[in-house]
Amino acid sequence: MSHDYDVLIVGSGAAGLTAALNLATAKRVAVIAKGRLDEGATGWAQGGIAAVLEEGDSFDAHVRDTMIAGAGLNDLAVVEHVVEGAPRAIERLAELGVPFNTGDGEDRWHLTREGGHSHRRIVHVADATGWAVQQALEKAAVAHPNITLIPDMVAIDLVTGRHAIEFSTSGAVHGLYALNRATDRVETITARATVLATGGAGRTYLYSTAPRGATGDGIAMAWRAGCRISNMEFMQFHPTCLYNLEVKNFLITEAVRGEGGRLLIPTTGERFMPRFDERGELAPRDIVARAIDHEIKRLGLDFVHLDISHREPEFVREHFPNIYEKLLGLGIDITTDPIPVVPAQHYTCGGVVVDMDGKTDAPGLYAAGEVTQSGLHGANRLASNSLLECLVFGEAAAHHIDAHWDSLGPPPAIRPWDESRVTDLDEEVVIQQSWGEIRRFMWNFVGIVRTTKRLERAANRIDLLKREVNGYYRDFRVTPNLIELRNLVEVADLIIRSALSRHESRGLHYTLDYPELAAEAVDTVLVP
Ligand code: FAD
Ligand code: SIN
């Protein structure tokens, strides 16, 4: 079966839906998601969105904080563009009905604080900002007659001239092949322009705050279609993920530290962050995560404590209602008890190389949000700059598509998906085994603190797994798990290769073999 739209957007989070809403006045847009529409990271965001909204704060200060966190690897023009676009992006969300917390007296919004920010500038909806943003964007998209929302459609690969009935080598992207979960059939979806908004690759790691679907599909698809991928070694680890044997991957927002939460050694009650950085608990994430990792390893601990119990119980319940309820259900009353926390993978700073218009290397292919390396984050993302990037780049990609419509040719006729030489996968266990193996060695060998020897071990293992998984892909009918595993292996390989090629420690990439910062800040760029 095949479908044709003006624009095809892959991903229904903040980046994808923003692009869709900005295109739909004049274009017929389809948005596909590999599961439910609200299953991406957007709905999980807690802290909020960074924007200069208060007197006393300035664009210069937000730009400076972003560059300091990014350890000099950010693109200044991109940082300025995004920071200056923030107030308007917040206004748009407010118009769509996002119920941001309001401030006292003269202040329109309540602004919270997070690590690396020199000012209170995080607009939020209590401790569940992302859910409110996702709901508002989805509601607007559902109501729009020009937007077709297609859940349960798993993109497999982008289609280019090589897949056309009249073969060409132009490299332009004309849509994609996708597995419809409802029918179990592979469909062809063509469009003049395709936007990747597929989120990050957190699930390459054993412990991650990211949702199950964060398997780097967009990064892997763009790589296979000939696009450059950059800075994949900069995997962000969030310092405070709940440590609990039953509930895995639950984030404790950085805003808890922003509102005074302290990190303590459980056995002694010592507040340890001042030993590592004068900004204490509000140092950028890479520094806090490394400090926790260091203390856990040094003292043989399972976790450290995050304690906000010195604040008024009413304040804690009002600012962190979801965390309060969730943890109360696990027997932890955060108004009186400390929270056991460990670092976990959280955000993918690298990705598909895009320019300020969201354009990738392949004609007709755009990308926005966590799937990209736009130049905003550099070697370490500043807290709450990510949803902002989705909003600014989602809109930029839409405007560029609109403005250059005539140069985006109609798609050629594409060959249907060929299943004539494959059989059904006989043992699902091989998929589970490979997936588990990758996530474990990525955690152990390509984690917070790296060495060349550990990275080389990971590289040897990924070579073997790549061969195996490519064999499954060649021989067996695709399933959602096989599609994700193929992408996970590809992306893990890109992370390891990027990490091995950086001979310095900068931002999130810290290696004992090259502990110094190099004189020059240079992006890692992998070319297919
Ligand atoms: P996502 O929202 O992740 O959406 C990805 C979409 O792509 C989904 O719809 C998915 O189904 C679809 N997709 C993926 N692969 C395929 C495929 N093969 N086929 C079809 N569809 C596909 N950032 C902030 O700025 N502030 C915060 O407070 C904050 N808190 C966070 C808390 C948590 C727990 C996490 C995990 C992240 C947080 N972040 C925060 C980061 C931020 O939420 C994400 O970077 C951002 O939401 C990414 O949005 P996106 O639109 O790029 O992708
Ligand atoms: C958090 O709430 O701590 C997450 C913020 C972010 O990832 O930007």
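Being a predicted model, the structure only gives us computed values, none of them experimental.

1. As for the site of ligand 2
Right, so step 1: Around ligand 2 sit Gln 46, Gly 47, Glu 114, His 238, Leu 251, Thr 253, Glu 254, Arg 285, His 346, Arg 381, Ala 383 and Ser 384, and those are all the residues in its vicinity.
Right, so step 2: Take Thr 253: an N or O atom from its side chain is 2.6 Å from an oxygen atom of ligand 2.
Right, so step 3: Measuring from an oxygen atom of ligand 2, one finds a side-chain N or O atom of Arg 285 at 3.1 Å.
Right, so step 4: Look at ligand 2: alone it shows 260 Å² of surface, and the protein chains cover 92% of it.
Right, so step 5: Tallied by class, the residues present in the shell around ligand 2 amount to two nonpolar, six polar and four charged.

2. Remarks on the pattern of salt bridges
Right, so step 1: Enumeration according to the criterion identifies 40 salt bridges in this entry.
Right, so step 2: Among the ionic pairs, Asp 355 bridges to Lys 359, the shortest N-O distance being 2.9 Å.
Right, so step 3: Two residues, Asp 475 and Arg 474, come together in a salt bridge whose shortest N-O distance is 3.6 Å.
Right, so step 4: Classification of Asp 475 as partly exposed rests on a relative accessible area of 35%.
Right, so step 5: Several salt bridges converge on common partners, so that one network encompasses Asp 157, Arg 224, Lys 466, Arg 486, Glu 490, Asp 493 and Arg 497.

3. Some thoughts on the site of ligand 1
Right, so step 1: Taken together, the neighbourhood of ligand 1 is formed by 37 residues, with Thr 42, Gly 48, Asp 217, Glu 370 and Ser 386 sitting nearest.
Right, so step 2: At 2.9 Å, a backbone N or O of Ala 41 approaches an oxygen atom of ligand 1.
Right, so step 3: Ser 386 has a polar side-chain atom sitting 2.6 Å from an oxygen atom of ligand 1.
Right, so step 4: Alone, ligand 1 offers 1000 Å² of accessible surface; in the complex the protein occludes 96% of this.
Right, so step 5: The set of elements that each furnish at least two residues to the shell around ligand 1 consists of helix H1 (14-23), strand S7 (153-160), strand S14 (339-348) and helix H10 (386-403).
Right, so step 6: Grouping the constituent residues of the shell around ligand 1 by class yields 17 nonpolar, 16 polar and four charged.

4. Overview of the sheet that holds strand S10 (residues 229-230)
Right, so step 1: Across the sheet, four strands lie side by side as S17-S15-S10-S18; this open sheet has mixed pairing. A strand with exactly one partner marks an edge of an open sheet, and here the two such strands are strand S17 (372-373) and strand S18 (525-526).
Right, so step 2: Inspection of the sheet shows S10 paired to S18 by two bridges, in the antiparallel sense. Across the sheet, Ser 230 pairs through a bridge with Val 525, a residue of S18.
Right, so step 3: Along the sheet face, helix H5 (residues 217-224) touches S10, strand S15 (351-353) and S18 and points at about 40° away from the line of S15.

5. A few points about the packing of helix H11 (residues 429-445) against helix H12 (residues 452-475)
Axes are the key here: two packed helices are described by the angle between their axes and the distance separating the axes.
Right, so step 1: Here H11 crosses H12 at 160°, and the two axes come no closer than 10 Å. Taken together, the axes of H11 and H12 are roughly antiparallel relative to one another. With respect to the hand of their crossing, H11 and H12 are arranged in left-handed fashion. On the side of H11, the interface is formed by Val 430, Ile 431, Ser 434, Glu 437, Ile 438, Phe 441, Asn 444 and Phe 445, while H12 contributes Arg 454, Leu 455, Arg 457, Ala 458, Arg 461, Ile 462, Leu 465, Glu 468 and Tyr 472.
Right, so step 2: Residue composition of the contact of H11 with H12, by class: ten nonpolar, two polar and five charged.

6. Here we look at the packing of H12 against helix H13 (residues 480-501)
Right, so step 1: Across the interface, H12 lies against H13 with an axial gap of 9 Å and an inter-helix angle of 150°. Between H12 and H13, the interaxial angle falls into the category roughly antiparallel. Between H12 and H13 lies a crossing whose hand is left-handed. Residue-level contacts link Thr 452, Leu 455, Glu 456, Ala 458, Ala 459, Ile 462, Leu 465, Lys 466, Val 469, Tyr 472 and Tyr 473 of H12 to Leu 482, Leu 485, Arg 486, Val 489, Glu 490, Ala 492, Asp 493, Ile 496, Ala 499 and Leu 500 of H13.
Right, so step 2: Its residues assigned to classes, the contact of H12 with H13 comprises 15 nonpolar, one polar and five charged.

Criteria and thresholds
- Residues numbered from 1 in each chain as written.
- Chains lettered and ligands numbered in written order.
- Predicted model: local features only at pLDDT ≥ 70, side-chain atom pairs only at ≥ 80, totals over all residues.
- Heavy atoms only, no water.
- Near = heavy atom within 4 Å.
- Polar contact = N/O pair within 3.5 Å; in protein donor to acceptor, adjacent residues only side chain to side chain.
- Areas by Shrake-Rupley, 256 points an atom, 1.4 Å probe, with all protein chains shown as cover.
- Nonpolar A, V, L, I, M, F, W, Y, C, P; charged D, E, K, R; others polar.
- Salt bridge = Lys/Arg side-chain N within 4 Å of Asp/Glu carboxyl O.
- Buried < 20%, exposed > 50% of the residue type's maximum accessible area, 1.4 Å probe, protein only.
- Helix = DSSP H or I, 4+ residues; strand = E, 2+ residues; numbered from the N terminus.
- Pairing = 2+ DSSP bridges.
- Contact = heavy atoms within 4.5 Å.
- Axes fitted to C-alpha atoms, helices over the stretch in contact; angles between N-to-C directions.
- Parallel < 35°, antiparallel > 145°, perpendicular 65-115°, else oblique.
- Left-handed = near helix turned anticlockwise from the far one by under 90°.

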